[in-house]
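An overview of the molecular structure
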Amino acid sequence: MARDYYEILGVSRDAEKEEIKQAYRRLARKYHPDVNKEAGAEERFKEINRAYEILSEPETRARYDRFGPEGVSGAGVGFQDMGDMGGFADIFESIFSGFAGGGMGGQTAQRRRSGPVRGDDLRLDLKLDFREAVFGGEKEIRISHLETCEACSGSGAKPGTRPRTCSTCSGSGQVRRVTRTPFGSFTQVSTCPTCNGTGSVIEDKCDSCDGKGTNQITKKLKITIPAGVDNGTRLRIGQEGDAGQRGGPPGDLYVYLFVNEDEEFQRDGINVLSEIKVSYLQAILGCRLEVNTVDGLVELIIPAGTQPNTVMKLENRGVPRLGNPVSRGDHLLTVLIDIPTKIIPEERELLEKLAKIKGDRTGKGGLEGFLGNLFK
């Protein structure tokens, strides 16, 4: 059975992305075959790379957390294809930017430098009203992201021209210096100072993007909010992040949802909570009332003799279950009894008659009637 990827990197299952990256850097330095000649170091190094490859990407990590190794059995490209791994290989390269062995061939470095690079993911925080979170729906948002320059198709060169291969590094994006020692040959690799690691030089820059290949664009998007979302729910909008480089795919946009508090309703999971105030006579005699719910007004029966803080339940009037909107929670209403502080003479007369019938002692302010039985 394959070892747990979190165990391989020595991190907890709730580790942040940066913590995973740091653990990978530390272990990769220790077990790289050009540094560690011990038996099994290369296999350990491949194992470390596979673990980082799965846990560094949110989608593959989520599949692994849910289904285990079977959920990612086809994910990734493996250690042997590291040259085509875009951002993953860039992290690897930064670990050994000043120290590499013969195993890091110039051909691999050139393929990595000149190959496509995926664009960055973006984050947007979005606030929703209480009912928008309950029922979902369409929402219009504004985002600002990098898009591939239409004038130069992302090359950065003026239309009609093209970048030329850097003569300093021959397109690899790196300059290499070999040092021979009694312990063997070591290659020091650094970023090419002429092309800044791109492997090409733009002589005539595109006027539209000033040679960057991308432009910052603000645009409107309509997104669908699923019913039942809550604080912290994250939505992924594919390919709406920053544009990639050298023909690479764009990143994704992640929308984090936050729900405004409601003056009347509260939420407990998929249940909605609220309060209803009734008079003492309604509580004693019972009544029918219209109460407000997220669906609108609904009739509620208050049984005779209802006590203070009784919780009444309206079934299927709560929040739809996220991912299964036909299943809903309940609306729970806490009954509050309104005891008046002042009453008119007619009310007092009737209440005193009722007290005599019940045999209750009463007095000014009702204090004697409330405490009378305690002092018999």
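- Going by an unreviewed UniProt entry, the protein chain carries the name Chaperone protein DnaJ and comes from Anabaenopsis circularis NIES-21.
- Recorded under Sequence similarities (unreviewed entry), the UniProt text for the protein chain is reproduced unchanged: "Belongs to the DnaJ family."
- Its UniProt record gives the protein chain a comment under Subunit (unreviewed entry), which states: "Homodimer."

**Here's the deal with the UniProt feature "binding site: Zn(2+) 2" (unreviewed entry) in the protein chain**
- UniProt records the feature "binding site: Zn(2+) 2" (unreviewed entry) for C166, C169, C192 and C195 in the present numbering. Of the residues just listed, which span 30 residues, no C-alpha pair is farther apart than 9.0 Å, and they cluster in one region.
- One can find C166 in the loop between β3 (164-165) and β4 (174-181).
- Here C195 lies in the loop between β5 (184-191) and β6 (200-201).
- Filtering out sequence-adjacent residues up to four positions away, C195 remains in contact with C166, C169, G173, S200 and V201.

**Quick word on helix α9 (residues 345-358)**
- In this model α9 runs 20 Å from its N-terminal to its C-terminal C-alpha over 14 residues, within 8% of the 20 Å that 1.5 Å per residue would give.
- Just past α9, the residue G359 takes up positive phi, approximately 80°.

**Observations concerning the packing of helix α3 (residues 41-55) against helix α4 (residues 58-67)**
- Between α3 and α4, whose axes approach to 6 Å, the crossing angle comes to 100°. It follows from the interaxial angle that α3 and α4 lie roughly perpendicular. On α4, the residues that touch E53, I54 and L55 of α3 are T60, R61 and Y64.
- Looking at side-chain class alone, the contact of α3 with α4 contains three nonpolar, one polar and two charged residues.

**Remarks on the sheet that holds strand β10 (residues 266-268)**
- With respect to topology, four strands assemble into an open sheet ordered β10-β11-β17-β14, the strand pairing being mixed. Each having just a single partner strand, β10 and β14 (311-314) make up the two edges of the open sheet. Each strand axis lies, on average, 35° off the axis of its neighbour in the sheet, ignoring direction.
- Pairing between β10 and strand β11 (residues 271-279): three bridges, direction antiparallel. When the sheet's bridge partners are listed, D268 is paired in β11 with N271.

**Things to note about the confidence of the model for the protein chain**
- In this model, the protein chain carries a mean pLDDT of 83, and residues with pLDDT of at least 70 account for 82%.
- Every residue in residues 76-90 scores below 50 in pLDDT, and together they form 27 contacts with partners more than four places removed in sequence or on other chains.
- Below pLDDT 50 for its whole length, residues 97-112 participates in 33 contacts with residues either more than four positions away or in separate chains.

**Observations concerning α4**
- Turning to α4, its buried residues are T60, R61 and Y64. Viewed end-on, α4 has its buried residues packed into an arc of 100°, placing them on one side of the element.
- Just downstream of α4, G68 is the residue with a positive phi angle, here 80°.

Reading the values: rules and limits
The residue numbering used here restarts from 1 in each chain and proceeds along that chain's sequence as written. With pLDDT at 70 or above as the cut-off, local features in this predicted model cover only qualifying residues; side-chain atom pairs require 80 or more to be listed or tallied, and sums for whole chains, interfaces and linings still use all residues. To get the side-chain values, take all heavy atoms of the structure and skip hydrogens and water. UniProt positions are given in the numbering used here, feature names are shortened, and annotations may be inferred rather than shown by experiment. Helix numbering and strand numbering both begin at the N terminus, where a helix is a DSSP run of H or I of at least 4 residues and a strand a DSSP run of E of at least 2. By definition, residues are in contact when any of their heavy atoms lie within 4.5 Å. By this rule the span expected of a helix is its residue count minus one, scaled by 1.5 Å. Axis lines are fitted to C-alpha atoms, over the contacting stretch for helices. Their N-to-C directions set the angle, which ranges from 0 to 180 degrees. Orientation labels follow simple angle bins: below 35 degrees gives roughly parallel, above 145 gives roughly antiparallel, 65 to 115 gives roughly perpendicular, and whatever is left gives oblique. Classification used: nonpolar for Ala, Val, Leu, Ile, Met, Phe, Trp, Tyr, Cys and Pro, charged for Asp, Glu, Lys and Arg, polar for all others including Gly. Only when DSSP finds a minimum of two bridges between them are two strands counted as paired. Summary of the metric used: pLDDT quantifies the predictor's per-residue confidence within the range 0 to 100. Exposure classes here rest on a 1.4 Å probe applied to the protein chains alone. A residue is buried below 20% of its type maximum, exposed above 50%, and partly exposed in between. Picture the helix axis, draw a direction to every C-beta atom, and the arc is the one those directions span.

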